[in-house]
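Secondary and tertiary structure notes
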Amino acid sequence: MKQKMRSYQNENDYWRIREFLRRVFLLNNMRDLSWQTDHFDYWRWHGIENLGHGQLEKDVFIWETQQGEIVAVLNSEEPGYAYLQVDPGKRTPELETEMLSIAEEKLAVKNPEGQLRLNVFADQGDDLRQDILKHRRYTKSEYWQHHHRRPMSQTVPEPELPDGYRVRALGDVTELPARSFLFWRAFHPDEPDDRYEGWEWYLNIQRAPLYRRDLDLVAVSPKGELVSLCTIWFDDVTRSGSFEPVGTDPDHQRRGLGKAVVHEGLRRLDKLG
């Protein structure tokens, strides 16, 4: 069946793509062979709104059947990156080749030498996509990702904390400056703190449709400082939770705090069913 490609048009497409990603995630047996809905939300509300990494109208392309059913979505996340989200029952070499051609035309960027560069992700076991990439003379980069998952039927350990530390949900807006600075400390440990740019960006994170403050967890030191963080995105349609990000202030690492906030997150997901 022939699909027709078009560019992202409006807010209705945003919501339709989210539902498409949910369907694909379930069809893929809850494996991250395409983005989950929270990843698409995070790109929109953080990558685009906060970092300026792209525009939905320019960097998202949709393939639909004649009946209007979405079968594939191509999107960027930052300059020079392309992500292919495809219904596993509709995948063909022809479709993926067409998506790559659009990605090379619309999403590639020039490196300092003036050559076009495009990063495309392929799962280790995805022979179809890897064969197409090799045929188009792509080479493997040193960048890779691990995806870990666990069923909630497994026993969830009790959080173990050093004396005086505790784990709780993030507070109200007055606590956002501390939460934002903790993020900076955890993910920019080698940069001077005077490069920290403020906290207002986190208001956009909280606007994401799946955001829940009761699942935005922090570990607190005996002095009342926020020292570890774990944000969980719970999708009640797929009944799955994603942990992104998880980090700890360098001055408080090697104390089991990251493990503790993750364990508390698992316990809260378990209670949500």
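The following refers to the structure shown.

So, about the layout of surface pockets. There is about 160 Å³ of room inside the second largest pocket. Lining the second largest pocket, in full, are A178, F181, L182, R185, E225, L226, V227, D249, D251 and H252. Sorting the residues of the lining of the second largest pocket by element identifies α6 (176-187) and β10 (226-235) as the ones contributing at least two each. Split into classes, the residues belonging to the lining of the second largest pocket amount to 5 nonpolar, 1 polar and 4 charged.

A word on the pattern of salt bridges. One pass over the full model with this rule turns up 28 salt bridges. Note that E69 and R23 form a salt bridge whose closest N and O atoms lie 3.6 Å from each other. Here R23 lies in helix α1 (residues 11-27) and E69 lies in the loop between β2 (60-64) and β3 (70-75), a separation of 46 residues in the sequence. Assessed through its relative accessible area of 34%, E69 is described here as partly exposed.

The residue P93 is located in helix α4 (residues 93-106) in this model. Classification of P93 by relative accessible area gives partly exposed; the value is 42%. For P93 and D131, which are 38 residues apart along the polypeptide, the C-alpha to C-alpha distance reads 9.4 Å. Setting aside anything within four residues of it in sequence, one finds P93 in contact with L128 and I132.

For the peptide bond that leads from E244 to P245, omega is 0°, which places it in the cis range. One can find P245 in strand β11 (residues 240-248). Even without being a glycine, N29 presents a positive backbone phi close to 60°. Inspection of the secondary structure assignment puts N29 in the loop between α1 and α2 (37-48).

Strand pairing within a sheet occurs via backbone hydrogen bonds; the two strands may be parallel or antiparallel. The 4 strands are arranged β8-β9-β10-β11 in an open sheet whose pairing can be described as antiparallel. The sheet is open, and its two borders are formed by β8 (166-169) and β11, each paired with just one other strand. Geometrically, the sheet is characterised by an average inter-axis angle of 20° between neighbouring strands, direction not taken into account. Sheet contacts for α6: β9 (216-220), β10 and β11; angle to β10, the most-contacted strand, approximately 100°.

What counts and what doesn't
- Residues numbered from 1 in each chain as written.
- Predicted model: local features only at pLDDT ≥ 70, side-chain atom pairs only at ≥ 80, totals over all residues.
- Heavy atoms only, no water.
- 1 Å grid on protein atoms, 1.4 Å probe; cavity = no way out; pocket = protein on both sides within 12 Å on 5 of 7 lines; lining within 4 Å.
- Points joined across faces, edges and corners; volume = space filled by probe spheres on them.
- Helix = DSSP H or I, 4+ residues; strand = E, 2+ residues; numbered from the N terminus.
- Nonpolar A, V, L, I, M, F, W, Y, C, P; charged D, E, K, R; others polar.
- Salt bridge = Lys/Arg side-chain N within 4 Å of Asp/Glu carboxyl O.
- Buried < 20%, exposed > 50% of the residue type's maximum accessible area, 1.4 Å probe, protein only.
- Contact = heavy atoms within 4.5 Å.
- Pairing = 2+ DSSP bridges.
- Axes fitted to C-alpha atoms, helices over the stretch in contact; angles between N-to-C directions.

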